[in-house]
Amino acid sequence: MSNAIHLHYDVSGDDFTRAGEASGSVKKRLKSLGYNSDAIRRVAIAMYEAEINMVIHANGGYCDVDIYPDRVEILLSDSGPGIPDVDKAMQEGFSTAPDNVRNLGFGAGMGLPNIKKYTDHMKIDTTIGVGTNLYLTVNVNE
Amino acid sequence: MSTYFHSVELEVDKCCGCTNCLKRCPTEAIRIHNGKAHILSERCIDCGECIRVCPHHAKKAHSSNLEDIKKFKYNVAIPAPSLYGQFNNLDNVNIVLTGLKAIGFNEIFEVSRAAELISEATRKLIKENKLKKPVISSACPAIVRLIKIRFPELCDNVIPLLAPIELAAKVARKEAIERTGLKPEEIGVFFISPCPAKVTEIHTPNSVEKSACNGAIGISRIYPELTKAMDRLDNVENLARSGLIGIGWATSGGESAGMLGEKYLAADGIENAIRILEELEDEHIRDVDFVELNACSGGCVGGVLTVENPYVAQARIQKLRKYLPVSMNHLNDGDLDEMMWEKELNFDADIFRLSDDIFKAMEMMDRMEKICADLPGLDCGSCGSPTCRAMAEDIVKGKAKETDCIHKLKEQIQSVYDQLKNTI
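As the structure is a computational prediction, the values presented were derived from the model and not from experiment.

Examining helix α15 (residues 388–396) of chain B
All names here are of chain B.
Alright, step 1. The buried fraction of α15 amounts to eight of the nine residues, a majority that puts the element mostly inside the structure.
Alright, step 2. Turning to α15, its buried residues number three or more, namely C388, A390, M391, A392, E393, D394, I395 and V396.
Alright, step 3. Along its buried surface, α15 packs onto α14 (358–374).
Alright, step 4. Following α15 by one or two positions, G398 adopts a phi angle in the positive range, close to 80°.

Right, dumping it as structure tokens:
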């Protein structure tokens, strides 16, 4: 076998209730692998936040996950509007989410800061009008 | 692997191998082989869903009966508050409690009394910030077992306070010893139970080394005798010692109401409880201090060993609570130490993982994904596994083969038929 388990998910852009399907599916698989529970939790939280971001801001996209014995690498890719000011977006409480989204309890401006908090490595490639690629790595810290 | 005791059992003769229980088991603990259901012991949490859904009554819960109390010189019944919701036109709990004495018990100690102490202790521990939030109730044993096998990150959130049954049994036993002067082994303490999970909990407790309870008798098992005895009572003794908080524990939300605050969440029904646990694990649920989860819809009144519709029972309990004081049981100094768990709740990692070697587990999962992609994805259960994915898992574990799938088998037969047709 190859040394990673590769999973691919399409993230629907118009349905809030489906956000979390990809992270839920990854969580289930990591549990069957007997993965470290702290790493599972961090993957699930970071990925869910990123999925929600894709739904709120970018009309969905896709998600590629590679599971290695010692780490999980995740790419979340969208063709949305891009992030004009990444530093600002990384500030806690900063949000451009519309009111209808906030009413649902999302858009508190904790998305990207939380993702950073729960992952060991995070990289944002974003181009205005083209889209955003978010690369995440969660290491197993025994 | 350790052996597991379960109160849920299969009556093989009655099982016709249909897929009702297979599809409804929340932990995918059932497989059908050779036309009969089999329970995967290590995965079963004794929630009783299979008993509820089996149209052939092939699943039953093992519980004690009234004969068992004859082994003891002195017997205490500890009735669950859900018992009070089982009777039409009941306006006084004392009639039920005196009825229990009439069918053979020497003494009664209501579980709702212990519940009031647990409510007070929970409030105190939360106020003193001594617990990891959100605090998850430890009262429903099916939920505790579920967390133990599926939710490693939540084990520390389960409140380490004894469930009301265990505390009631402990106190009742102590009081009976003091009152009678008998030896502990001469005293029988029996829980009058709405559900099989509590039967299991008494046999193999999560919280203590050995339960103070000698057994659990299903409500449905003593119901005919008890109602008869209740009808024939000459005088009704004044035995009830609980307030509305204690009795409220019988229904979903009752334990939470005993928190006397707003920052709580109460969910019932095993599927709903699982969804809440998933969300708690992912930290989606915030601003909640206390989480009450009941495996049965409606709470304990929905247990499979009850006789009445849970919502009817709930309505009756509301009525019974109406004129009761808030709480009739309060903590004394030192009580709290007696109420804590003797053991830690540790995650049982073996149950759902494919292998304890991550490399081997990954190899197995890789094969599983490929097998799964090739299965029809109907999740029909005809192969004997609950879903196509579960079947793929069973195949890589060597417990099933691809042709167990009737759709795959049909394809293969079709291809043989086509080949034969071409050669003729």
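Let's talk about the domain arrangement of chain B
All names here are of chain B.
Alright, step 1. Partitioning chain B into domains gives domain 1 (1–62), domain 2 (66–338) and domain 3 (353–424).
Alright, step 2. Placing the centre of domain 1 and that of domain 2 at their C-alpha centroids yields a distance of 25 Å.
Alright, step 3. When residues in the side of domain 1 that touches domain 2 are grouped by element, the largest group, three residues, is from helix α2 (residues 49–53).
Alright, step 4. Classifying every residue of the side of domain 1 that touches domain 2 gives seven nonpolar, five polar and four charged.

A word on the nonpolar core
Nonpolar side chains in soluble globular proteins generally cluster together in the buried interior.
Alright, step 1. With 106 residues, the main nonpolar core has I78, A168, F191 and I192 of chain B as its most contacted residues.
Alright, step 2. No other element matches helix α6 (residues 164–180) of chain B, which puts seven residues into this core.
Alright, step 3. Two domains each put at least three residues into this core: domain 1 (1–62) and domain 2 (66–338) of chain B.
Alright, step 4. Residues M47, A50 and C63 of chain A together with M365 of chain B belong to the second largest nonpolar core, which totals 49 residues.

A closer look at the interface of chain B and chain A
Alright, step 1. At the interface, 18 residues of chain B touch 14 residues of chain A.
Alright, step 2. The element contributing the most residues to the side of chain B that touches chain A is α14 of chain B, with seven residues.
Alright, step 3. Per-class residue counts for the side of chain B that touches chain A are nine nonpolar, no polar and nine charged.

Digging into the sheet that holds strand β11 (residues 290–294) of chain B
Residue and element names in this part refer to chain B.
Alright, step 1. If you walk across this open sheet you meet the three strands as β7-β11-β10, and the pairing is parallel. Across the chains shown, the open sheet's two edge strands, defined by having one partner strand only, are β7 (135–136) and β10 (264–268).
Alright, step 2. Bridge count between β7 and β11: two bridges; the pairing is parallel. Across the sheet, I136 pairs through a bridge with V291, a residue of β11.

Points about the packing of helix α1 (residues 21–32) of chain A against helix α2 (residues 37–58) of chain A
All names here are of chain A.
Alright, step 1. For the pair α1 and α2, the least separation of the axes is 8 Å and the interaxial angle reads 165°. It follows from the interaxial angle that α1 and α2 lie roughly antiparallel. Taken as a pair, α1 and α2 cross one another with a handedness that is right-handed. Contacts between α1 and α2 involve A22, S23, V26, K27, L30 and K31 on the former and, on the latter, I40, V43, A44, M47, Y48 and E51.

Some remarks on the sheet that holds strand β1 (residues 5–11) of chain A
Residue and element names in this part refer to chain A.
Alright, step 1. If you trace the five strands from one edge of the open sheet to the other, you get β1-β2-β3-β5-β4, paired in antiparallel fashion. The open sheet terminates on both sides in strands that have one partner only, identified here as β1 and β4 (121–127). With strand direction ignored, the average angle separating the axes of adjacent strands in the sheet is 10°.
Alright, step 2. As paired elements, strand β3 (residues 71–78) and strand β5 (residues 131–139) share eight bridges and run antiparallel to each other.

Brief notes about α14 of chain B
Alright, step 1. Counted at 1.5 Å a residue, the expected span for α14 of chain B with its 17 residues is 24 Å, and the 24 Å between its end C-alpha atoms agrees.
Alright, step 2. Within α14 of chain B, the full set of buried residues consists of A361, M362, M364, M365 and M368 of chain B. Along the axis of α14 of chain B, the buried residues cluster in a sector spanning 160°; they form a single face. Turned more than 90 degrees away from the buried face of α14 of chain B, the exposed residues are F359, K370 and A373 of chain B.
Alright, step 3. Among the structural elements, β1 and α1 of chain A together with α15 of chain B are those in contact with the buried residues of α14 of chain B.

What counts, and at which threshold
Every chain begins its residue count from 1, and numbering advances along the sequence as written. Here chains are named by letter from A upward and ligands by number from 1 upward, in the order in which they appear as written. Given that this is a predicted model, residues contribute local features only at a pLDDT of at least 70 and side-chain atom pairs are listed and counted only at 80 or more, while totals for whole chains, interfaces and linings are drawn from all residues. Each residue is classified by how many other C-beta atoms fall within 10 Å of its C-beta atom, where C-beta atoms are placed from the backbone; a count of 20 or more means buried, 12 or fewer means exposed, and values in between mean partly exposed. Each helix corresponds to a stretch of at least 4 residues labelled H or I by DSSP, and each strand to a stretch of at least 2 residues labelled E; elements are numbered beginning at the N terminus. Any residue pair is listed as a contact if its two C-beta atoms, each placed from the backbone, are within 7 Å. Here the limits of each domain have been adopted from an automatic or database domain assignment. The residue classification treats Ala, Val, Leu, Ile, Met, Phe, Trp, Tyr, Cys and Pro as nonpolar and Asp, Glu, Lys and Arg as charged. All others, Gly included, are polar. Remark: nonpolar core denotes a set of buried Ala, Val, Leu, Ile, Met, Phe, Trp, Tyr and Cys residues whose joining runs through C-beta atoms within 7 Å. Two strands form a pair only when DSSP identifies at least two bridges running between them. Working convention: axes come from line fits to C-alpha atoms, limited for helices to the stretch in contact. Angles between N-to-C directions cover 0 to 180 degrees. Any angle between 65 and 115 degrees counts as roughly perpendicular, while under 35 counts as roughly parallel, over 145 as roughly antiparallel, and the rest as oblique. Handedness of a crossing follows from how the near helix is turned relative to the far one, being left-handed for an anticlockwise turn of less than a right angle and right-handed for a clockwise one. A helix is expected to span 1.5 Å multiplied by its residue count minus one. Along the arc lie the directions from the helix axis toward the C-beta atoms.

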